[in-house]
Amino acid sequence: MKRVSLVFTLALAAGFSTQAATAQTLKTVKDRGMLSCGVSQGLPGFSSPDDKGNWTGLDVDVCRAVAAAIFNDPTKVKFVPLSAKDRFTALQSGEIDVLSRNTTWTLSRDTSLGANFTGVTYYDGQGFLVKKSLKVNSALELNSASVCVQTGTTTEQNLADYFKGNNMKYEVIAFGTADETVKAYESGRCDVFTSDVSQLYAERLKLSNPADHAVLPEVISKEPLGPMVRHGDDQWFDLVKWTLFAMLDAEELGVTQKNVDDMAKSDKPELKRAFGTDGNLGEQLGVTKDWVSRIIKAVGNYGESFDRNVGAGSKLGIARGLNQLWNKGGIQYAPPIR
């Protein structure tokens, strides 16, 4: 019994030392004075630059929120545009500290890439975009269609599963980038463009006549999109994860960019914990006690970021749907800050 206890103690100690040795990312980011964030090559609403190189989007806000928590400055982020094919290599190699790029959380990615997903920023699903002139009202009418897809994504497997499951034939026309895929679709090289529904809405804005195209009603897959960090650094994993959770919890608690200073004076226990006036939860994450205030002042709560980038206040105008909070009919839910 004593021998088992000794072995367990030694193993536990080894595990702790390994964890301590690999908890380097936050220190590296602080020493560098800048967060390196992998994003898309330009997806409106999620991560896209303007003509002056200023990045905006739901995925962008996550990285700005992390920078705000660390530096109290949401501009201390270097955005690295990455293709679907190159995104994981950039994370594995250390070129980026976090990947925040409309990436689906799957078992194989969670286990084979040396990375962890830190939460879900957007609950999505794969759909189909077609020209209205085709007079197609359902994906079940797409038998023998040619379909444009982007390689290096979960899209091709979902497509194969859906068409096989419905005994339909189809032709895949694959491209390396989203822009190539959209251009091929618009030029008529294929009948249909398939991707996550959020991306279909975003890419439709780039078409010369967006109103001539429609997103079909079927959603054929589950696509929970979220940020990724490397395996082996639990401190960094916790910080990125709880940055997103803080945005969600803030919305649930009614904390916004406009009222954050007033709410920080509240005597409510849950707000005192969130704002660091009771306890040191921020310091346990490796940042300051006022980390939640920093995040909300910089980017707002989750609902504010959603509405501004992809929701009612944006050109995309996507309904909250599943991304509504759990107590308002959706499934967005964050653990409590306590």
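Cut-offs and rules
- Residues numbered from 1 in each chain as written.
- Predicted model: local features only at pLDDT ≥ 70, side-chain atom pairs only at ≥ 80, totals over all residues.
- Heavy atoms only, no water.
- Phe/Tyr/Trp six-rings, centres within 6.5 Å; stacked < 30°, edge-to-face > 60°.
- Buried < 20%, exposed > 50% of the residue type's maximum accessible area, 1.4 Å probe, protein only.
- Lys NZ or Arg CZ within 6 Å of the ring centre and 35° of its normal.
- Salt bridge = Lys/Arg side-chain N within 4 Å of Asp/Glu carboxyl O.
- Helix = DSSP H or I, 4+ residues; strand = E, 2+ residues; numbered from the N terminus.
- Disulfide = S-S within 2.5 Å.
- Pairing = 2+ DSSP bridges.
- Axes fitted to C-alpha atoms, helices over the stretch in contact; angles between N-to-C directions.
- 1 Å grid on protein atoms, 1.4 Å probe; cavity = no way out; pocket = protein on both sides within 12 Å on 5 of 7 lines; lining within 4 Å.
- Points joined across faces, edges and corners; volume = space filled by probe spheres on them.
- Nonpolar A, V, L, I, M, F, W, Y, C, P; charged D, E, K, R; others polar.

1. Observations regarding the packing of aromatic side chains
Right, on to step 1. Counted by the stated rule, this structure contains twelve aromatic pairs.
Right, on to step 2. A ring pair is formed by F163 and Y170, whose centres lie 4.6 Å apart and whose planes are at 40°; its orientation type is tilted.
Right, on to step 3. Since its relative accessible area comes to 28%, Y170 is described here as partly exposed.
Right, on to step 4. Here a set of aromatic residues connected by ring pairs shows up, and it is made of F46, Y122, Y302 and F306.
Right, on to step 5. Taking the ring centre of Y185 as reference, the NZ or CZ of K131 above it sits at 4.1 Å.
Right, on to step 6. Lying over the aromatic face of F306, R320 brings its terminal NZ or CZ to 5.2 Å of the ring centre.

2. Some thoughts on the pattern of salt bridges
Right, on to step 1. For the structure on display, the rule yields ten salt bridges.
Right, on to step 2. In this structure, D61 engages R308 in a salt bridge whose closest nitrogen and oxygen atoms are separated by 2.6 Å. Taken together, the positions of D61 in helix α3 (residues 58-71) and R308 in helix α14 (residues 302-309) put the pair 247 residues apart, joining distant regions of the chain.
Right, on to step 3. K297 is paired through a salt bridge with D261; the nearest N and O atoms lie 3.0 Å apart.

3. Quick word on the state of the cysteines
Right, on to step 1. The final tally for this structure, using the stated rule, is two disulfides.
Right, on to step 2. Put simply, C37 and C63 are joined by a disulfide, and their sulfur atoms are 2.0 Å apart. Of note, the bridge from C37 to C63 carries an S-S torsion of about 70° and is right-handed in sense. Note that C37 is positioned in strand β1 (residues 35-39) and C63 in helix α3, a separation of 26 residues in sequence. Taken as a pair, C37 and C63 share a single burial class, namely buried.
Right, on to step 3. With its sulfur 2.0 Å from that of its partner, C148 forms a disulfide with C190.

4. Description of the sheet that holds strand β11 (residues 192-196)
Right, on to step 1. Across the sheet, five strands lie side by side as β10-β9-β11-β8-β12; this open sheet has mixed pairing. Each edge of the open sheet carries a strand with a single partner, namely β10 (170-175) and β12 (213-215). Strand-to-strand twist in this sheet, taken as the mean axis angle between neighbours without regard to direction, amounts to 30°.
Right, on to step 2. Judged from the three bridges that link them, strand β8 (residues 126-131) and β12 form a sheet pairing that is antiparallel.

5. As for the pairing of β8
Right, on to step 1. For β8, the tally of buried residues reaches six of six residues, placing the bulk of the element in the interior.
Right, on to step 2. Direction of pairing for β8 relative to β11: antiparallel, over a ladder of five bridges. By the bridge assignment for β11, G127 is matched with S195.

6. Some words on empty space enclosed by the protein
Right, on to step 1. One pass over the structure, following the stated rule, counts one cavity of 30 Å³ or more.
Right, on to step 2. Taken as a whole, the largest cavity encloses approximately 40 Å³ of empty space.
Right, on to step 3. Contributing to the lining of the largest cavity are A246, D249, A250, L253, V255, L271, A274, F275, V292 and I337.
Right, on to step 4. Looking at the lining of the largest cavity, the elements with two or more residues in it are α9 (234-253) and α11 (269-275).
Right, on to step 5. At four residues, α9 tops the list of elements feeding residues into the lining of the largest cavity.
Right, on to step 6. Looking at side-chain class alone, the lining of the largest cavity contains nine nonpolar, no polar and one charged residues.

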